[in-house]
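One-letter residues, chain by chain:
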Amino acid sequence: MSDATLPTVSAAMPARSSGRARGESLAVQIVLIAISLAFLLLFLLLPLVTVFVEAGARGWEAYRAAITEPDALAAIRLTLLVAAIAVPFNIVVGIAAAWAIAKFEFTGKNLLISLIDLPFSVSPVISGLVFVLLFGAQGYFGPWLQAHDLKIVFALPGLILATVFVTFPFVARELIPHMQSLGSADEEAALTLGASPWRVFFSVTLPNVKWSLFYGVLLCNARAMGEFGAVAVVSGKIRGVTNTMPLHIEILYNEYMGAAAFAVASLLAGLALVTLVLKTLLEWRYGDVIAASRRH
Amino acid sequence: MSVAVTIETIEKRFENFPALRGVSLDIQPGELVALLGPSGSGKTTLLRLIAGLEEADRGRVLFGETDTRDLSLRERRIGFVFQQYALFKTMNVAENIAFGLRSRPRRERPSRDEIRKRVSALLELVQLPGLEKRYPSQLSGGQRQRVALARALAIEPRVLLLDEPFGALDAKVRKDLRAWLRELHGRTGHTTVFVTHDQEEALELADRVAILNEGRIEQVGSADDVYDHPATPFICEFLGEVNKLPVKVVGSQAFFGDRPVLGGLSQNQGGPASLYVRPQHLRIVDETPLALPGVVEHLRRNGPLRRAEVAVEGLKKRLDVDLASQVAPAIGERVRLRIAHGNLFAAA
Amino acid sequence: MTSATTPFRWREPSILPGFGLALGITVTALSLIVLIPLAALFLKAASAGPADIWAVATSPRTLAALKLSFTAALFAALVNAVFGLILAWVLVRYDFPGRRLIDAAVDLPFALPTAVAGISLAAIYAPNGWVGSLLAPLAFKLSIPFTDLSFGFDGKVAYTPLGVMVALIFIGLPFVVRTVQPVLEELQSDVEEAAALLGASRFRTIFRVILPQVLPALLTGFVLAFARAVGEYGSVIFIAGNVPMISEIAPLLIVIRLEQFDYAGAAVVATMMLLISFALILAGNLIQARARRRFGDV
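Parameters and conventions
Residues numbered from 1 in each chain as written. Chains lettered and ligands numbered in written order. Predicted model: local features only at pLDDT ≥ 70, side-chain atom pairs only at ≥ 80, totals over all residues. Helix = DSSP H or I, 4+ residues; strand = E, 2+ residues; numbered from the N terminus. Buried ≥ 20, exposed ≤ 12 C-beta atoms within 10 Å, placed from the backbone. Contact = placed C-beta atoms within 7 Å. Pairing = 2+ DSSP bridges. Axes fitted to C-alpha atoms, helices over the stretch in contact; angles between N-to-C directions. UniProt positions renumbered as here; feature names shortened; annotations may be inferred. Nonpolar A, V, L, I, M, F, W, Y, C, P; charged D, E, K, R; others polar. Domains from an automatic or database assignment. Expected span 1.5 Å × (residues − 1). Bend = angle between axes of the 7 residues up to and from the residue. Core = buried A, V, L, I, M, F, W, Y, C linked by C-beta atoms within 7 Å. Parallel < 35°, antiparallel > 145°, perpendicular 65-115°, else oblique. Left-handed = near helix turned anticlockwise from the far one by under 90°. pLDDT = per-residue confidence, 0-100.

Trainee: Please explain the overall build of chain A as it appears in this structure.
Mentor: Looking only at helices and strands, chain A features 14 helices and 0 strands. When its helices and strands are written in sequence order, chain A yields α-α-α-α-α-α-α-α-α-α-α-α-α-α. Relative to its 296 residues, chain A shows a buried fraction of 45%. Of the contacts made within chain A by residues no fewer than 6 positions apart, 76% connect residues no fewer than 24 positions apart.

Below you can see the structure in the form of structure tokens.
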């Protein structure tokens, strides 16, 4: 056993603590840190602060009125409803995909992974467009739907479909690398001990991956509630009926009701902050189990 | 100039861990010195201090008469071979070796042609001619090590430092490279210091071995010096298998119980002591005055040697005895052991 | 794997249950939600007929929109590559108060809904906004070399192509930081020490030894930021001003075509966007694979 591979104090220390050969001068460090902070201040912090400042610009009463007027409440309800359907759907599919991909070897696996990731590289607008092309008045199934008095586009089903499309990869992406790194030994052991398949899944697999599942759900939910482009295309923006919160913000903004727009926006910004805090806590606490893919 | 590197009372702490506690060592020009010790003994820290990768809390390192604190890393001209080689993986072999020459200020930088010649001469020297265009990922472990060595030699270092040079290689390659390195050192004559935890490697290769333990040098000397005349019990145990006997010294004899086991002692110290005897220094003999009776309890093979484990009354641990080829005791046989050579340390 | 003795098997045997069910759910959902709808897009675009496709594809408005989307995304991704690299370096290498907070804040664009970012950026960079009002007096002539994307900066960011870039920088930032960061963390310190001992200046060590090792990850982050920026809609439309031929992005053009019930036109523009994006992502992946083959993981 060699010095450097042993995790002893003496071996670990020199590589870390040595500043002589590795560091930049203090001046360079300060300049680089200053550049970073200025960049973040300008592009991240300022937009976030602006939301809350503008939201409060007309005072508390105006703020309360903006988020409690019927159209706003309808938008909030619709956003929650869409997320409440789209997210569980993606949890089920994400777990199924991760189970098939992480636990089995089969031809076409890499292709399947790429296809699951596909929605990441498709513009949100196109994600909405495809459903209009299928189910819109002039879409492939449009006449048939009309004949049977069914509405998908400009109605709740369309909003859900577009949201599911956009958030499709989130859960699977977090679960696949984690389940792959865990291997199948635990499940095989449970099976040989006579556990039923569902029992294996619920008492062995799921507890093992619960934190990365939660992580994926968190990101999936944030995107589902905040999605704009895809739902904008399929919504038709009927006030009080097919308007989600982001769409409601757009309408208010375009009608020069800036303060009201920012008031509703502040709710979503709050959601973003909560998401960010939970995500960060998960990374600090369970960073070692939540596998690599921190990029979406 | 008689001394290449002088290390003067170096002390170094990491956080709360004292890595080196007053280390001094002189290294002669052209010498091949091994820093030997268990992990955590401070040997790698000492090597990095000589290189300038760490700064000492106290004490100093001199190159000839020059205090190294006045030198930049470049001015030190240290050839350092890292344990994992630290080759630049985005550069091919030639670019790796030429890196040091190309890093020189323009005035001192050799011409392109000159550099190319130097690179191929160095590859010749490390017996890898023609591998200029390979990338590190395309080389075997042994080849990488030799490229790392060529890269270190390219800057014409005043001292060559090797950190566990054979640590990352498998046993067969290790042996070959060891002989080759010894031979290369003979030819180039660089002042060389290498770190190892493998006593066999240190004893075989080095002109002198410095043995470190818990941040101190316990002994410096030739392989024969340190092996035959270990200065401390630690060294005695670290350098190879050894049996330990509690004895009492009276006059010129050492007694185990009431029985004299070793005579002709020059030490004038009386009282309790520990006698360290290597397995090969225990012989099975017929009746002699100084002998230890015991029973063979176990026989096994230890590489080329046969080894007997002999239980001795009054001693918990059985004694390991290397057997001469003509001796073949049976298990359960009563034997007498004579101590041909031992090292005596006053009991702590 | 196909030979006389071991016949081709499309999956390795396993004692674990549920393969059929799991794969069935996955493939069905994937097909219904993603694949069939995307196929419908291509079908619709193809059904327009060559003459109409050509007319839509080469109309000045389509070309202007695509050019804006791709060039603005390119420059935003470049800005993010530079600043993202610096940011990742600072976060990995330096210790300063608030470092972990800043590390966490980098993901804000992932979490903040695009419409929220959009109206906020528009408010900040509008002529009477916090930053916009500061920039107004700074009017100067700005031209970007090697492209014909040059515009005199008249002190306005919002409602111009510059505004588009600002929004795209915002949404693309985390991609570069998050792909470069782990690579920087895993760099071996001995390589830098070796360079220093061989006499290299810190500058040379960074540019010849460290950056080449980070380059593949930087490229990945760049491509991800770029791909995201090309398709971005929500954060852009509020700040862009949406002037046809000038600050109208391709996704917006798709929406406009759709609102005019020109489904085929929308499908053609969408297909062009997708094909160009996929080609760029593929090119990025090929470069990556080549780098990995050559340099390995030593």
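Trainee: Looking at this structure, I do not really get the overall build of chain B. What am I missing?
Mentor: Within chain B one finds 9 helices and 20 strands. For chain B, the C-alpha atoms occupy an extent of roughly 80 × 40 × 35 Å along the three principal directions. The buried share among the 348 residues of chain B stands at 41%. In chain B, 65% of the contacts between residues at least 6 apart in sequence involve partners at least 24 apart.

Trainee: What am I meant to see in the sheet that holds strand β3 (residues 32-36) of chain B here?
Mentor: What holds strands together in a sheet is hydrogen bonding between their backbones, with the strands either parallel or antiparallel. All names here are of chain B. Spatially, the 6 strands line up as an open sheet ordered β6-β7-β8-β3-β9-β10, and their pairing is mixed. Single-partner strands in this sheet number two, and they are β6 (78-81) and β10 (216-221). Strand-to-strand, the axes of this sheet are offset by a mean angle of 20°, without reference to chain direction. When β3 meets strand β8 (residues 192-196), the two strands line up parallel, connected through 5 bridges. Looking across to β8, one finds that L36 is bridged to T196.

Trainee: I would appreciate a short explanation of the UniProt feature "transmembrane region" (unreviewed entry) in chain A in the present structure.
Mentor: Residue and element names in this part refer to chain A. This chain's UniProt record puts "transmembrane region" (unreviewed entry) on residues 26-53, 74-102, 122-141, 153-172, 213-235 and 256-278. Annotated as 80% helix and 0% strand, the span residues 153-172 places its first and last C-alpha atoms 27 Å apart. Helix makes up 91% of residues 213-235 and strand 0%. Its end C-alpha atoms lie 30 Å apart.

Trainee: Just to check I follow, could you spell out the interface of chain C and chain A for this structure?
Mentor: Quoted interface sizes are often the accessible area lost when the parts come together. Across the contact, 80 residues belong to chain C and 80 residues belong to chain A. Residue contributions to the side of chain C that touches chain A peak at 15 residues, all from helix α1 (residues 19-47) of chain C. Across the side of chain C that touches chain A, the residue classes break down as 62 nonpolar, 10 polar and 8 charged.

Trainee: What exactly am I supposed to notice about the UniProt feature "domain: ABC transmembrane type-1" (unreviewed entry) in chain A here?
Mentor: On the UniProt side, "domain: ABC transmembrane type-1" (unreviewed entry) is annotated at positions that read residues 76-279 of chain A here. Within the segment residues 76-279 of chain A, helix and strand shares are 77% and 0% respectively, and the terminal C-alpha atoms sit 23 Å apart.

Trainee: For this particular structure, what's the right way to read the domain arrangement of chain B?
Mentor: Segmentation of chain B into domains returns domain 1 (5-237) and domain 2 (245-346). Just the C-alpha atoms count here: the centres of domain 1 of chain B and domain 2 of chain B sit 40 Å apart.

Trainee: I would appreciate a short explanation of the domain arrangement of chain A in the present structure.
Mentor: All names here are of chain A. Each assigned domain of chain A is listed here: domain 1 (21-55) and domain 2 (59-286). Between the C-alpha centres of domain 1 and domain 2 the distance comes to 31 Å. Taken together, the contacts link 5 residues of domain 1 with 8 residues of domain 2. Looking at side-chain class alone, the side of domain 1 that touches domain 2 contains 4 nonpolar, no polar and 1 charged residues.

Trainee: Please clarify how the interface of chain B and chain C should be interpreted in this entry.
Mentor: Taken together, the 21 residues of chain B in the interface contact 18 residues of chain C. Among the elements of the structure, α2 (73-76), β6 and α3 (93-102) of chain B are those that each provide at least two residues to the side of chain B that touches chain C. Here the side of chain B that touches chain C is composed, by residue class, of 13 nonpolar, 5 polar and 3 charged.

Trainee: What's the story with helix α8 (residues 161-186) of chain C in this structure? I'm lost.
Mentor: Residues three or four positions apart in an α-helix share a direction because the helix packs 3.6 residues into each turn. With 26 residues, α8(C) should reach 38 Å at 1.5 Å per residue; the first-to-last C-alpha distance of 38 Å fits that figure. Taken as a whole, α8(C) carries its principal kink of about 40° at G172(C); the proline P174(C) stands between one and four residues after it.

Trainee: Help me understand the pairing of strand β11 (residues 243-250) of chain B, please; the structure alone is not making it clear to me.
Mentor: Side chains on a regular strand alternate between the two faces of the sheet. Residues and elements named next belong to chain B. Only one face of β11 is buried: it carries N243, L245, V247 and V249, and the other face, with K244, P246, K248 and V250, is open. Bridge count between β11 and strand β12 (residues 253-256): 3 bridges; the pairing is antiparallel. The residue bridging K248 from the neighbouring strand is F255, located in β12. Between β11 and β12, which pair antiparallel in sequence order, lie 2 residues; one of them, G251, sits at a positive phi of approximately 65°.

Trainee: Just to check I follow, could you spell out the UniProt feature "domain: ABC transporter" (unreviewed entry) in chain B for this structure?
Mentor: Per the UniProt record, "domain: ABC transporter" (unreviewed entry) is annotated on residues 5-239 of chain B. When the span residues 5-239 of chain B is considered, its composition is 37% helix and 26% strand, and the gap between its end C-alpha atoms is 26 Å.

Trainee: Got a minute to help me understand the environment of E237(B) in this structure?
Mentor: Structurally, E237(B) can be placed in helix α9 (residues 233-238). Placed 83 residues apart in sequence, E237(B) and A154(B) show a C-alpha to C-alpha distance of 39 Å.

Trainee: Sorry if this is basic, but what is going on with the nonpolar core here?
Mentor: Side chains of a nonpolar character, in soluble globular proteins, are inclined to be buried together. Core analysis: the largest hydrophobic core is formed by 172 residues, its most contacted members being L129(A), V264(A), A265(A), I119(C) and L168(C). In terms of residue count, the dominant contributor to this core is helix α3 (residues 60-93) of chain C (17 residues). For A265(A), the contacting residues outside a window of four places in its chain are V51(A), A55(A), I249(A), V116(C) and I119(C). With 103 residues, the next largest nonpolar core counts I7(B), V159(B), I217(B) and L323(B) among its residues.

Trainee: What am I meant to see in the sheet that holds strand β4 (residues 58-63) of chain B here?
Mentor: Residue and element names in this part refer to chain B. The sheet built from 4 strands is open, its strands ordered β2-β1-β4-β5 with antiparallel pairing. Either end of the sheet is taken by a strand with one partner, and the two such strands are β2 (17-27) and β5 (66-67). Alignment of β4 against β5, held across 2 bridges, turns out to be antiparallel. Looking at β5, one finds that F63 is bridged to T66.

Trainee: In this structure, what is going on with the packing of helix α2 (residues 26-55) of chain A against α3(C)? I would like to understand it.
Mentor: How two helices pack is summed up by the angle between their axes together with the distance between the axes. Look at α2(A) against α3(C): their axes get within 9 Å of each other, and the N-to-C directions meet at 120°. The orientation of α2(A) relative to α3(C) falls into the category oblique. Read as a crossing pair, α2(A) and α3(C) show a hand that is left-handed. Across from L32(A), I33(A), I35(A), S36(A) and F39(A) in α2(A), the residues of α3(C) making contact are F83(C), I86(C), L87(C), W89(C) and V90(C).

Trainee: Sorry if this is basic, but what is going on with the packing of helix α2 (residues 50-58) of chain C against helix α13 (residues 263-295) of chain C here?
Mentor: Residues and elements named next belong to chain C. Relative orientation of the contacting elements α2 and α13 amounts to 65°, with a least axis distance of 9 Å. With respect to α13, the axis of α2 lies roughly perpendicular. Between α2 and α13 lies a crossing of right-handed hand. In contact with D52, I53, V56 and A57 of α2, α13 contributes A264, G265, V268, V269 and M272. Looking at the contact of α2 with α13 residue by residue, the class counts come to 7 nonpolar, 1 polar and 1 charged.

Trainee: Hey, could you run me through unusual backbone geometry in this one?
Mentor: In most cases, non-glycine residues show a negative phi, while peptide bonds are predominantly trans. Residue and element names in this part refer to chain B. If you check the backbone angles, T9 has positive phi at about 35° while not being a glycine. Looking at the element boundaries, T9 is found in strand β1 (residues 5-14). The phi angle at E164 is positive, at roughly 40°, despite the residue not being glycine. Structurally, the position occupied by E164 is in the loop between β7 (159-163) and α6 (171-188).

Trainee: Just checking my understanding: could you explain the environment of E105(A) for this structure?
Mentor: Tracing the sequence through the fold places E105(A) in the loop between α4 (70-103) and α5 (109-117). When sequence neighbours within four positions are dropped, the list of residues in contact with E105(A) reads R11(C) and E12(C).

Trainee: Where do I start with the confidence of the model for chain B in this structure?
Mentor: Close inspection of predicted coordinates is inappropriate for parts of the model with low pLDDT. Looking at chain B, pLDDT values average 89 and 99% of them are 70 or higher. With a pTM of 0.85, the predicted complex shows an ipTM of 0.86.

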